[in-house]
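# Summary of structural features
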Amino acid sequence: MSEILLEVKDLKTYFPINNGFFSRRKDFVKAVDGISFNLRKGETLGIVGESGCGKSTTGRSILKLIEPTSGEIYFDGRDILTLKKNEMRKLRKQMQIVFQDPFASLNPRLRIASILDEALATHNIVRNGTERKEKVLEILEMVGLNASHADRYPHEFSGGQRQRIGIARAIAVNPSLIIADEPVSALDVSIQAQILNLFQKLQKQLGLTYIFIAHDLSVVKHISDRIGVMYLGRMVEFADKKQLFAEPLHPYTKALMSSVPVPDPEMIKKERIILKGDIPNPANPPQGCTFHPRCFACMDICKTKKPRNIEAKPGQFVACHLYDPEILQG
Ligand code: SF4
């Protein structure tokens, strides 16, 4: 698990805001504001945070479904931001996405067999029509469906089954990386567990690498090797899952963990931390540390100075002045 599949350096994705027809000032929403991390082959990185924190934009920027503003993204050693369109098209089949609502991304007029057949044909995975039929059945079985499902339309499936189809379409083109964007948040808890188990089974079977995006920490905990916690476009903490759950450092991570509703023996002793207020408007973020209006540990310096990213413990990175030796020594 040591070879790097994906390396993201100082990724920024800004969206311009319309200030009015006559305004010359250009403002931006900094949806992703300088994120860096790497992803090892075969691992799962969980990205967690409240809605609007930039986690989905991060996923879509990595796939170039949204054009990043700046930064570097190396996939298997190639900087994908400098690739030409046709080179990116070839690479794209290695990087797939599974959406929260697979129904919205499935053509309602096509039977499931045709949806999968189309994916295999478009990417030249299997050229021969008869072999493609066999491959479609093989993929359906891999995701827990069977031949009887092949001739049905998307609307004939339950939410969990549709997500299996979304996963089937992603794995059909033999990807190395799958970005799963809130893939279980629309499902009942019992179905969530089945889909999470399916992701894990396929990872072992196919050697897949995942970025798993969710707002629910208990979902991310179940599946991840390492976890990144996002707040207003920044990765405020990044660590190995066990390390993060044993000793969260950033006040925001501590608050998120204290509010996990599912009973968890590792969390029983943790005191509930109630966050003040809501996530601020990303178009007008607070000065200094953007978390400071909600932070129970806020110091004066937090209101004016943006925290650096510090490796507070081996492999555990945190963007908070509380762990910055330069700030602490004054
Ligand atoms: Fe809280 Fe200050 Fe740390 Fe921000 S930098 S999380 S306000 S202690």
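My aim in this report is to walk through the structure given alongside it, one point at a time.

Calculation notes
- Residues numbered from 1 in each chain as written.
- Predicted model: local features only at pLDDT ≥ 70, side-chain atom pairs only at ≥ 80, totals over all residues.
- Heavy atoms only, no water.
- Helix = DSSP H or I, 4+ residues; strand = E, 2+ residues; numbered from the N terminus.
- Rg over C-alpha atoms; globule rule 2.2 N^0.38 Å.
- Buried < 20%, exposed > 50% of the residue type's maximum accessible area, 1.4 Å probe, protein only.
- Contact = heavy atoms within 4.5 Å.
- Areas by Shrake-Rupley, 256 points an atom, 1.4 Å probe, with all protein chains shown as cover.
- Lys, Arg positive; Asp, Glu negative; His and termini not counted.
- Charge placed at Lys NZ, Arg CZ, Asp CG, Glu CD.
- Expected span 1.5 Å × (residues − 1).
- Pairing = 2+ DSSP bridges.
- Axes fitted to C-alpha atoms, helices over the stretch in contact; angles between N-to-C directions.
- Near = heavy atom within 4 Å.
- Nonpolar A, V, L, I, M, F, W, Y, C, P; charged D, E, K, R; others polar.

## Some remarks on the overall build of the protein
What the protein contains, in helices and strands, is eleven helices and twelve strands. What you see for the protein is a C-alpha radius of gyration of 21 Å, in line with the 20 Å of a compact globule of 330 residues. Per-residue burial for the protein yields a buried fraction of 46% across its 330 residues. In the protein, of all internal contacts separated by at least 6 residues, the share reaching a separation of at least 24 is 63%. Carbon and sulfur atoms provide 49% of the accessible area of the protein, an area that totals close to 16,600 Å². A gap of 3 Å separates the mean positions of the 46 positive and 37 negative side-chain charges of the protein.

## Some remarks on the side chain of Thr 58
Note on placement: Thr 58 falls in helix 1 (residues 55–62). On the basis of relative accessible area, Thr 58 is assigned to the buried category, the value being 0%.

## Here's the deal with helix 7 (residues 189–206)
Taking 1.5 Å per residue, 18 residues should reach 26 Å; helix 7 reaches 26 Å between its end C-alpha atoms and fits that length. Gly 207, located one to two residues past helix 7, shows a positive phi value of around 65 degrees.

## Points about the sheet that holds strand 6 (residues 95–98)
Strand order in the open sheet made by the eight strands is 6-7-8-3-9-10-12-11, with mixed pairing throughout. Across the chains shown, the open sheet's two edge strands, defined by having one partner strand only, are strand 6 and strand 11 (309–313). Across the sheet, the mean angle separating the axes of adjacent strands is 20 degrees when strand polarity is ignored. Its contacts with the sheet put helix 10 (residues 251–258) on strand 3 (44–48), strand 9 (226–231) and strand 10 (234–240), and the angle it makes with strand 9 is roughly 105 degrees.

## Looking at the site of the ligand
Around the ligand lies a shell formed by His 250, Pro 251, Cys 289, Phe 291, His 292, Cys 295, Ala 297, Cys 302, Cys 320, His 321 and Leu 322. By residue class, the composition of the shell around the ligand is eight nonpolar, three polar and no charged.

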